[in-house]
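# Descriptive analysis of the structure
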Amino acid sequence: MNKIPRRIVTGIKNGKSIIVEDQQVKNAVEHLPGLIISDIWNTQNTPASLDFETTIPNTGFPQTPKNGTYFRYVVIPPDKDLSVEFKKGEPHPMMHQTSTLDYIIILSGELHLIMEEGETILKPGDIVIQRGTTHAWSNRSDEPCIQLAVLIDAEI
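Residues numbered from 1 in each chain as written. Predicted model: local features only at pLDDT ≥ 70, side-chain atom pairs only at ≥ 80, totals over all residues. Heavy atoms only, no water.

### Notes on the overall build of the protein
To keep things clear, this is the line we draw: Starting at the N terminus, helices and strands are each numbered in turn, a helix being any DSSP run of H or I of at least four residues and a strand any DSSP run of E of at least two. It is over C-alpha atoms that the radius of gyration is taken, and the globule rule equals 2.2 Å times the number of residues to the power 0.38. Note on exposure labels: buried denotes an accessible area under 20% of the residue type's maximum, exposed denotes more than 50%, and partly exposed covers the range between, all computed with a 1.4 Å probe on protein chains only. What makes two residues a contact is simply this: any of their non-hydrogen atoms within 4.5 Å. Surface accessibility follows the Shrake-Rupley procedure with a 1.4 Å probe radius. Residue values consider only the protein chains on display as shielding. All tallies of charge rest on Lys and Arg as positive and Asp and Glu as negative; His and the ends of each chain are not included. By convention, charge coordinates are those of NZ in Lys, CZ in Arg, CG in Asp, or CD in Glu.
For the protein, the count of helices and strands is 1 helix and 11 strands. In the protein, the succession of helices and strands from N to C terminus is β-β-β-β-β-α-β-β-β-β-β-β. For the protein, whose C-alpha radius of gyration is 17 Å, the value lies close to the compact-globule estimate of 15 Å for 156 residues. Over its C-alpha atoms, taken along the principal directions, the protein stretches across nearly 60 × 35 × 25 Å. Across the 156 residues of the protein, 41% fall into the buried class. Sequence-distant contacts, at least 24 apart, represent 62% of the contacts inside the protein between residues at least 6 apart. Accessible area for the protein stands at about 9,500 Å²; split by element, carbon and sulfur atoms hold 53% of it. Here the protein holds 14 positive side-chain charges and 20 negative ones, and the gap between their average locations is 6 Å.

Set out below in structure tokens:
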């Protein structure tokens, strides 16, 4: 599977549906070795405007616009490749919280979802509904994990 996805954007021209863009995503950043985040699309408000795209900064931790959304493609390398050490009894060093409702789908690989209390392993096809909770991702396998996420601004 490609680490940088292809993005196809549709639109309307002269009253007919068309393909406006068909190319590899430009907004992809390798934040740490092997950790690739691509913010594929966003909306700035709800209901969403279909007429334009606002370029957004590609950050490690998302900054979803008020009343907006992010559509994010993430390649998470094995922890050992990131030099992340997770010591039992201590919070995971990548623990964070976002003020969003997230719909996450694991496309390939496997990943541990770590909460403040408890964790679970995710495999291809698994779906996570993340509701503004403190969490971390840990890839304890030897292969990258690819996840697709839609982040929606939420009241926390």
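Now that the structure has been shown, we can carry on.
### With respect to the side chain of His-112
We apply this condition: Each polar contact in these results corresponds to two N or O atoms within 3.5 Å; when the atoms are within protein, one needs to be able to donate a hydrogen and the other to accept it, and residues that are neighboring in sequence are counted only if both atoms are side-chain atoms.
Relative to the elements of secondary structure, His-112 occurs in strand β7 (residues 111-115). Here the side chain of His-112 touches Glu-119 through a polar contact of 3.2 Å, side chain to side chain. A polar contact is formed between the side chain of His-112 and the side chain of Arg-140, at a distance of 3.2 Å. His-112 has contacts with Glu-119, Thr-120, Ile-121, Ala-136, Trp-137, Ser-138 and Arg-140, leaving out every residue within four places of it along the chain.

### Remarks on the UniProt feature "domain: Cupin type-2" (unreviewed entry) in the protein
Counted only if it meets this: UniProt positions are given in the numbering used here, feature names are shortened, and annotations may be inferred rather than shown by experiment.
Those residues carrying the UniProt feature "domain: Cupin type-2" (unreviewed entry) are residues 84-150 in this numbering. Taken as a whole, residues 84-150 contains 0% helix and 49% strand, while its terminal C-alpha atoms sit 25 Å from one another.

### Notes on the pairing of strand β1 (residues 6-13)
Rules: Between any two strands, pairing holds if DSSP finds at least two bridges.
Examined bridge by bridge, β1 and strand β2 (residues 16-24) share 8 bridges and lie antiparallel to one another. Paired with Val-9 across the bridge in β2 is Glu-21. Hairpin geometry of β1 and β2 is characterised by an intervening segment of 2 residues between the two adjacent antiparallel strands and by a positive phi of about 55° at Asn-14.

### Some points on the sheet that holds β7
Strand pairing in a sheet is mediated by backbone hydrogen bonds. Such pairs are either parallel or antiparallel. Quick reminder of the rule: For every element, the axis is a line fit to its C-alpha atoms; helices are fit only across the contacting stretch, and the angle between N-to-C directions ranges from 0 to 180 degrees.
Read from one edge to the other, the open sheet built from 3 strands follows the order β8-β7-β10, with strand pairing classed as antiparallel. This sheet does not close on itself; its edge strands, each paired only once, are β8 (119-122) and β10 (135-138). When strand polarity is set aside, the average angle formed by the axes of neighbouring strands in this sheet is 20°. In this structure, β7 lies alongside β10, joined through 4 bridges in antiparallel fashion. What sits directly across from Met-115, in β10, is His-135.

### Notes on the pattern of salt bridges
Rule in force here: Definition used for salt bridges: Asp or Glu carboxyl oxygen within 4 Å of a side-chain nitrogen of Lys or Arg.
Tallied over the full model, the rule gives 8 salt bridges. Two residues, Glu-21 and Arg-7, come together in a salt bridge whose shortest N-O distance is 2.9 Å. With Glu-21 in strand β2 and Arg-7 in strand β1, the pair connects residues that are 14 residues apart, well separated along the chain. Of the two residues examined, Glu-21 and Arg-7, each falls in the buried class. Look at the salt bridges and you will find they share partners, linking Lys-80, Asp-81 and Asp-142 into a network.

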